[in-house]
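Below are the chains, spelled out letter by letter.
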Amino acid sequence: MGHADNPADPRGQSGSRGQSPALPARADLVILGAGIMGLWAAVKAERHGIETVLVDAGRLGQGASGGLLGALMPHMPDKWNDKKQFQFDALLSLEDEIAHIEAATGIACGYRRSGRLIPLPKPHLRTIALRHSADAETRWRQGDRRFHWHVIDRPPDDGWPDASFAEAGLVHDTFAARVSPRGLVSALAAFLRSAGHVRIVEGLEAERIDPARNRVVFRSGESIAFGHAIVAAGHRSFPLLEAISPALPRPIGQPVKGQAALLRADVDPSLPVIFLNGLYVVAHEGGHVAVGSTSEDAFEDAFSTDSRLDDLIVRAGALVPALGQAPVVERWAGLRPKAIDRDPMVGPHPDHPHVIALTGGFKVSFGLAHRLSDAALGAVKSGEIRLPASFTLQNHLSAASR
């Protein structure tokens, strides 16, 4: 399985006998999980000066956050609501957040506001797209900044995508962006390795949370007391949170397998992301193009790739002829957390307010994690959380109880 290649930190080694020297007896804040959510939460905790222990079952960014794609896609600009506004603000603010992390670490995150192309193979799709264009002129703006949902007749770059897929034209969305998942994860990890208030412990998996004693117990037998705990362990967050909740008829979330590939191709890295019928084609620096991804609710092997990925690669070669013979550099598979209502799952547990969820974000985590972490840290500092109602842990628990 692909993951961010971060050198081991001597503080991050944990033993299985007794209490590891890396794991203190107590911390003001314990963050379980060091994917994109947990990393951003730890960065925000460092900036607030909160004494924090960041614990991961493997290595930093090893799970789904160590993938390949990195597409940062806005919601459609129609039927505007608080959820779409939150995502718009988050995607816009991410560029400054990344600039600060790059300046602090010297590590490039592969961020670019590349825009997005959506081929329109049928005439009725063009009619719908023209309506969305007017919506974007109203909604996709902040101060003097304006972003657009243009409807154009042909691809602006020959073969990106092939014109045969755009018989009714294309949408050119100027707001979408992309990032290198591994670049961003590596930069966040590097920032934290030199942090003054965050201790990193790798290779320690949480078994359960004891909210009555404010304690996390790990499978090694070790434990740590906390003032607050943020549960950011991806799909492993769901059983941890369910175990401290009243019995629920349905799970609050599930893992969804995704497969993607990295191809080597001599293409301009500034080209827009292409999206068509669930297929993403994302140009990155260094002569690489990522394609993906599958969404598999049922699977036998979480980390193997198979014919589903082969099909995506073939589809990408048809959509962009320059990729037809492109060599495959890497095949990747991983598990992404999908909450019961699909939206991110963030906020204090209604029965145990010192335990705070920070997970979900299926397919949108990289664009929202920095802002969702702000909300989680708000719950730590003041007990208040400012998020769309559909994002809250309470909302997901209610959905699972029906």
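Our structure is the block above this text.
My aim in this report is to walk through the structure given alongside it, one point at a time. (Residues numbered from 1 in each chain as written. Predicted model: local features only at pLDDT ≥ 70, side-chain atom pairs only at ≥ 80, totals over all residues. Heavy atoms only, no water.)

**Thoughts on the pairing of strand β12 (residues 215-218)**
Moving residue by residue along a regular strand, the side chains alternate between the two faces of the sheet. As defined by bridge partners, strand β11 (residues 206-210) adjoins β12 across four bridges and the pair is classed as antiparallel. Looking across to β12, one finds that D210 is bridged to R215. Hairpin connection of β11 to β12: four residues between the antiparallel strands, including N214 at a positive phi of 50°. Sheet topology note: the β12/strand β13 (residues 223-231) ladder contains three bridges and is antiparallel. Along β13, the bridge assignment pairs R215 with A225. Counted between consecutive antiparallel strands, the loop separating β12 from β13 contains four residues, among which G221 sits at a positive phi close to 95°. (Pairing = 2+ DSSP bridges. Helix = DSSP H or I, 4+ residues; strand = E, 2+ residues; numbered from the N terminus.)

**Considerations on the sheet that holds strand β7 (residues 149-152)**
Taken together, eight strands build an open sheet; the order of strands is β7-β8-β4-β15-β16-β17-β14-β18 and the sheet is mixed. Of all strands in the sheet, those bounded by a partner on one side alone are β7 and β18 (328-339). The sheet shows a mean angle of 20° between the axes of neighbouring strands, direction not considered. Relative to strand β8 (residues 170-173), β7 runs antiparallel, the two being bridged by four bridges. (Axes fitted to C-alpha atoms, helices over the stretch in contact; angles between N-to-C directions.)

**Some points on the nonpolar core**
In terms of nonpolar packing, the biggest core is built from 65 residues, with W40, L54, L184, L192, I230, L358 and L372 touching the most fellow members. Looking at this core element by element, the count peaks at nine residues for helix α7 (residues 365-382). Those residues in contact with I230, other than ones at most four positions away along the chain, are L29, V30, I31, L32, A41, I356, L358, A376, L377 and V380. Residues I209, M345, V355 and A400 belong to the second largest nonpolar core, which totals 29 residues. (Core = buried A, V, L, I, M, F, W, Y, C linked by side-chain atoms within 4.5 Å. Buried < 20%, exposed > 50% of the residue type's maximum accessible area, 1.4 Å probe, protein only. Contact = heavy atoms within 4.5 Å.)

Any functional reading would require information that these geometric values do not contain.
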